[in-house]
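Structural overview
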Amino acid sequence: MDGGLIVSEARHRAHGGQTSNRYDLTPLVARLEAAAKALKAAADQAERDRSRAVRNSAPKKATSKEA
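Residues numbered from 1 in each chain as written. Predicted model: local features only at pLDDT ≥ 70, side-chain atom pairs only at ≥ 80, totals over all residues. Heavy atoms only, no water.

Thoughts on the pattern of salt bridges
Taken as a whole and judged by the stated rule, the model has four salt bridges. Linking E47 and R50 is a salt bridge whose minimum nitrogen-to-oxygen distance equals 2.8 Å. Of this pair, E47 and R50 both sit in helix α1 (residues 26-57), three residues apart, roughly one helical turn. Looking at E47, the relative accessible area reads 39%, which means it is partly exposed. With relative accessibility at 45%, the residue R50 sits in the partly exposed group. (Salt bridge = Lys/Arg side-chain N within 4 Å of Asp/Glu carboxyl O. Helix = DSSP H or I, 4+ residues; strand = E, 2+ residues; numbered from the N terminus. Buried < 20%, exposed > 50% of the residue type's maximum accessible area, 1.4 Å probe, protein only.)

The following block contains the structure:
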């Protein structure tokens, strides 16, 4: 399963022997940042919805006209 989130590049020495690979995590980091932003937006919306529900379920105060 290759989602292209980690890009590897084989590196070689001048005489042709292979050395360590190079890994680019930029696509992974971008995906994680987008997911974090979406989760934050969902959490913020859930908090607004919760606050609205609490306000709407609170008993109404009697006004002077109702008393």
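Focus: a nonpolar patch on the surface
The grouping of I6, Y23, L25 and V29 at the surface amounts to a nonpolar patch, some 380 Å² of accessible area in total. Position of I6 relative to the elements: it lies in the segment before β1 (7-9). (Patch = residues over 30% accessible without salt bridge, like charges linked within 9 Å, V, L, I, M, F, W, Y side chains within 5 Å. Areas by Shrake-Rupley, 256 points an atom, 1.4 Å probe, with all protein chains shown as cover.)

In short, geometric facts, not functional conclusions.
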